[in-house]
Amino acid sequence: MRQHIPVDNAPVTDNELDIRGLFRALWQGKVWVAGMAVLFAVLALIYTFFARQEWSATAITDRPTVNMLGGFYGQEQFLRNLDTRLNPAPADQPSVMDEAYKEFVMQLASWDTRRDFWQQTDYYKQRQSGNSKADAALLDELINNIQVTFADPAHNTNDSVKLVAETAQDANNLLRQYVAFASQRSASHLNDELKGAWVARAAQMTAQVKRQEAVAQAVFDRKVSSVEQALKVAEAHNIIRNVTDVPVDELPDSELFMLGRPMLQARLENLRSAGPDYDLDYEQNRVMQNTLATDPVADPNFQTYRYLRTPEEPVKRDSPRRAFLLIMWGIVGVLVGAGVALVKRQRS
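Predicted model only: the values in this text are computed from it and were never measured.

Basis of the calculations
Residues numbered from 1 in each chain as written. Predicted model: local features only at pLDDT ≥ 70, side-chain atom pairs only at ≥ 80, totals over all residues. Heavy atoms only, no water. Core = buried A, V, L, I, M, F, W, Y, C linked by side-chain atoms within 4.5 Å. Buried < 20%, exposed > 50% of the residue type's maximum accessible area, 1.4 Å probe, protein only. Helix = DSSP H or I, 4+ residues; strand = E, 2+ residues; numbered from the N terminus. Contact = heavy atoms within 4.5 Å. Salt bridge = Lys/Arg side-chain N within 4 Å of Asp/Glu carboxyl O. Phe/Tyr/Trp six-rings, centres within 6.5 Å; stacked < 30°, edge-to-face > 60°. Lys NZ or Arg CZ within 6 Å of the ring centre and 35° of its normal. 1 Å grid on protein atoms, 1.4 Å probe; cavity = no way out; pocket = protein on both sides within 12 Å on 5 of 7 lines; lining within 4 Å. Points joined across faces, edges and corners; volume = space filled by probe spheres on them. Expected span 1.5 Å × (residues − 1). Pairing = 2+ DSSP bridges. Axes fitted to C-alpha atoms, helices over the stretch in contact; angles between N-to-C directions.

Comments concerning the nonpolar core
Now for step 1: Counting residues in hydrophobic clusters, the biggest one holds 28 residues, and the most contacted among them are Phe 104, Trp 118 and Val 161.
Now for step 2: A per-element tally of this core places helix α9 (residues 168-236) first, with eight residues.
Now for step 3: If sequence neighbours within four positions are ignored, Val 161 has contacts with Ala 57, Thr 58, Ala 59, Leu 108, Ile 146, Gln 147, Val 148, Leu 175, Tyr 178 and Val 179.
Now for step 4: Counting 15 residues, the second-largest nonpolar core is a separate cluster that includes Leu 69, Leu 82, Ala 100 and Ala 187.

Structure, rendered in structure tokens:
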């Protein structure tokens with residue numbers, strides 16, 4: 001059997017870092033460290049002058065007021081009141097302002113709205129190269145430069161939109177134009193929806209009026225027929241005076257002949273001259289029908305939002321951030337210079 005006995009005189013490897021030697025080597029190579037730091041910082045500075053700049057403008061919006069909706073509010077509220085009279089609306093029904101602002105936010109974040117906006121701007125047209133693929137890539141990049149952040153009630157934040165452009169003035173002007181473009185687009189959709197709802201309510205009211213007229217005419221025809229039949233019976237039996245003590249309103253149709261021929265003749269003439277009997281609901285529906293017969297007056301310029309933060313020219317550039325790049329690449333230069341200094345120290 002063999003037994004391993006530790007040897008006290010075995011060599012020991014020293015893995016300790018020589019801090020003093022390291023700093024001595026870096027100090028001797030300080031020219032490389034400083035030179036690389038300056039070189040990288042200068043290269044970063046030159047890059048900032050030629051790199052594409054990015055400036056961003058931000059707007060915060062909220063639902064509009066009644067005055068901003070103009071004539072659209074009155075016409076939409078008229079349709080709502082009409083619907084409420086026919087079918088009671090739920091208590092939590094959103095207001096006209098909420099519906100208009102909901103449409104605005106949807107258009108603001110819509111990809112189609114952003115695409116159509118850029119296609120009609122001079123900003124995009126001036127940057128087109130004529131190459132279909134390059135222009136499509138540019139358009140897609142510009143579409144992504146408009147970012148919408150939706151409201152978060154839990155954090156008490158409102159809807160906001162940010163637009164990135166190459167200059168501060170362009171960012172401000174383009175964002176104002178885009179918000180107005182989305183508002184006009186939403187106003188157009190709301191007007192189309194109002195017109196369609198108006199036509200539908202008019203058709204519904206016309207059908208209801210015709211139905212009420214048909215019911216009233218049927219009742220009228222039945223009353224005339226009853227009186228005519230009673231008059232024939234009275235003439236056949238030569239009844240010339242009232243032979244019953246029952247009130248006229250309580251007398252059944254089968255015994256109307258007992259009123260006598262003169263009274264029945266007068267009653268028949270009165271019915272024919274008066275015509276069908278309509279209730280108050282019918283008269284109200286006729287008024288509504290006449291109102292709905294006139295097309296709604298579209299207001300294309302009403303505003304579907306209001307600013308909580310109006311866009312302004314940004315004072316700080318998003319990219320490239322010169323100070324950050326100078327510091328970052330200066331540190332990279334220091335590390336590269338330190339590496340060169342250590343390598344040269346080791347070889348010497």
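Now, onward.
Quick look at the environment of Ala 216
Now for step 1: Along the polypeptide, Ala 216 turns up in helix α9.
Now for step 2: Here Ala 216 falls in the buried class, since its relative accessible area comes to 9%.
Now for step 3: Between the C-alpha atom of Ala 216 and that of Tyr 282, which follows or precedes it by 66 residues, the distance is 9.8 Å.
Now for step 4: Contacts of Ala 216, omitting those with residues within four sequence positions, involve Pro 276, Asp 277 and Tyr 278.

Regarding unusual backbone geometry
Now for step 1: For Asn 156, which is not glycine, the phi dihedral falls at a positive 55°.
Now for step 2: Relative to the helices and strands, Asn 156 resides in the loop between β2 (146-149) and β3 (159-165).
Now for step 3: Asn 156 gets classed as exposed once you look at its relative accessible area, which sits at 68%.

What about the pattern of salt bridges?
Now for step 1: Enumeration over the complete set of coordinates arrives at ten salt bridges.
Now for step 2: Note that Glu 213 is salt-bridged to Arg 286, the shortest N-O span being 3.8 Å. Placement of Glu 213 in helix α9 and of Arg 286 in helix α11 (residues 280-292) is noted, with a sequence separation of 73 residues between them.
Now for step 3: Looking at Glu 213, the relative accessible area reads 27%, which means it is partly exposed.
Now for step 4: Through salt bridges with shared partners, a single ionic network connects Asp 112, Arg 115, Asp 116 and Arg 185.

Re the packing of aromatic side chains
Now for step 1: Counted according to the given criterion, the structure contains ten aromatic pairs.
Now for step 2: Centre to centre, the rings of Phe 78 and Trp 198 are 5.6 Å apart; their planes meet at 35°, and the pair counts as tilted. With a gap of 120 residues between them, Phe 78 in helix α4 (residues 71-86) and Trp 198 in helix α9 connect regions that are remote in the sequence.
Now for step 3: The interplanar angle of 55° and the centroid separation of 5.8 Å between the aromatic rings of Phe 117 and Phe 181 together place this pair among those described as tilted. In this pair, Phe 117 sits in helix α6 (residues 111-119) while Phe 181 sits in helix α9, placing the two residues 64 residues apart along the sequence. An identical accessibility class is assigned to Phe 117 and Phe 181; each is buried.
Now for step 4: Through a chain of ring-to-ring contacts, three or more aromatic side chains come together here, namely Phe 117, Trp 118, Tyr 123, Tyr 178 and Phe 181.
Now for step 5: Lying over the aromatic face of Tyr 123, Arg 127 brings its terminal NZ or CZ to 3.7 Å of the ring centre.

Points about the layout of surface pockets
Now for step 1: Reported here for the second largest pocket is a volume of approximately 300 Å³.
Now for step 2: Elements with a contribution of two residues or more to the lining of the second largest pocket: α9 and α10 (261-274).
Now for step 3: At seven residues, the largest contribution of residues to the lining of the second largest pocket is made by α9.

Thoughts on the environment of Val 38
Now for step 1: With respect to the helices, strands and loops of the structure, Val 38 is situated in helix α2 (residues 30-50).
Now for step 2: According to the relative accessible area criterion, Val 38 is exposed, its value standing at 51%.
Now for step 3: Residues Val 38 and Val 334 lie 296 residues apart in sequence; the distance between their C-alpha atoms is 8.6 Å.

Here's the deal with helix α5 (residues 96-109)
Now for step 1: In a regular helix each residue adds 1.5 Å, so 14 residues correspond to 20 Å; α5 covers 20 Å between its end C-alpha atoms and thus fits that length.
Now for step 2: Within the sequence span of α5, burial applies to Val 96, Met 97, Ala 100, Tyr 101, Glu 103, Phe 104, Val 105, Gln 107 and Leu 108.

Quick notes on the sheet that holds β2
Now for step 1: A sheet is described by the order of its strands in space; here four strands give the open sequence β2-β3-β1-β4, paired in antiparallel fashion. Whereas interior strands pair on both sides, the edge strands pair on one side only; in this sheet they are β2 and β4 (306-309). Within the sheet, the average angular offset between the axes of one strand and its neighbour, ignoring direction, is 30°.
Now for step 2: Sheet topology places strand β1 (residues 55-62) next to β3; seven bridges connect them, and they run antiparallel. Bridge pairing in β3 links Ala 57 to Leu 163.

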